[in-house]
Amino acid sequence: MGLLDAILGRSKPVRPDLDQLFAVPSAALTLQAATGFTPTGRGSVCFAGVEGGGFARLQEDVRELLDADTERGGTPVEFSRDTYGYTWLLATHPADDTAGLVNDLHAVNTMLQDGGFGPHLLCSLIGFRDAEGRALALVYLYKRGTFYPFAPLPGDAEKRDNQLELQVRGALGDDLRVEKDLSRWFPVWGAPGL
């Protein structure tokens with residue numbers, strides 16, 4: 001950052017710390033012990049879509065990498081677009097393979113970042129459920145390098161279980177970098193993997 005940028009209050013975007021995702025498998029054990037939520041084996045990456053041949057080739061490379069195990073019974077990766085125009089990639093693993101899921105999400109993020117699309121990365125999430133069927137996601141914000149819990153209430157109404165989210169924040173404070181600014185705990189309604 002130059003002197004002029006400092007004077008004008010501009011800053012460079014923070015490079016995502018993708019290795020933070022590797023803390024999720026041990027945090028999942030803590031989460032299960034503290035709240036009863038277990039991994040679903042589903043996780044996703046959200047990024048702003050980009051038009052052009054370079055991005056389309058990168059998307060195909062990601063699909064080839066993650067679909068390499070489909071002949072051995074693996075689940076193919078799914079791409080979708082939400083109502084806001086963001087692209088979601090959904091990866092699925094057995095529920096007891098959180099480490100494998102995290103490795104796949106990390107590989108996708110690394111490929112996007114190395115392909116020059118790092119600034120387009122928005123978040124990743126890993127899904128959890130409890131015995132009552134309630135959903136929970138651990139959401140990783142790339143630009144902040146932090147996680148936050150997202151717990152939608154069951155039903156069609158877009159409402160959150162704030163009490164559960166705060167309980168999860170307390171339980172995982174020693175395992176993950178939890179976002180301190182609650183205004184950055186954005187809802188991810190209908191996110192694949194939730």
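What comes next is a walk through the structure. (Residues numbered from 1 in each chain as written. Predicted model: local features only at pLDDT ≥ 70, side-chain atom pairs only at ≥ 80, totals over all residues. Heavy atoms only, no water.)

Quick word on the environment of Thr35
Formally: Only runs of H or I of at least four residues qualify as helices and only runs of E of at least two qualify as strands under DSSP, and these elements are numbered from the N terminus. Only protein chains enter the area calculation, which uses a 1.4 Å probe; residues under 20% of their type maximum are buried, those over 50% are exposed, and those in between are partly exposed. Throughout, a residue-residue contact means that at least one pair of heavy atoms, one from each residue, lies within 4.5 Å. Any pair of N or O atoms that falls within 3.5 Å is considered a polar contact. Within protein, one atom must be able to donate a hydrogen and the other to accept it, and sequence-neighbouring residues count only if both atoms are side-chain atoms.
Within the secondary structure, Thr35 sits in helix H2 (residues 24-35). Thr35 gets classed as buried once you look at its relative accessible area, which sits at 18%. Distance in space between the C-alpha atoms of Thr35 and Asp130 is 8.1 Å, their sequence separation being 95 residues. Not counting residues within four places of it along the chain, the set of residues in contact with Thr35 comprises Gln167 and Val168. For Thr35, the side chain forms a polar contact with the main-chain nitrogen of Phe37, separated by 3.4 Å.

Regarding the pairing of strand S3 (residues 86-92)
Let me state the cut-off plainly: Here, any two strands with at least 2 DSSP bridges between them count as paired.
In terms of burial, S3 is a largely internal element, five of the seven residues being buried. Sheet topology places strand S1 (residues 38-48) next to S3; seven bridges connect them, and they run antiparallel. When the bridges of S3 are listed, Ala48 appears paired with Tyr86. Pairing geometry for strand S2 (residues 78-81) and S3, over four bridges, is antiparallel. Note on S3: the bridge partner recorded for Glu78 is Leu90. Where S2 folds back on S3, the antiparallel hairpin that results is connected by four residues, among which Gly85 adopts a positive phi of roughly 90 degrees.

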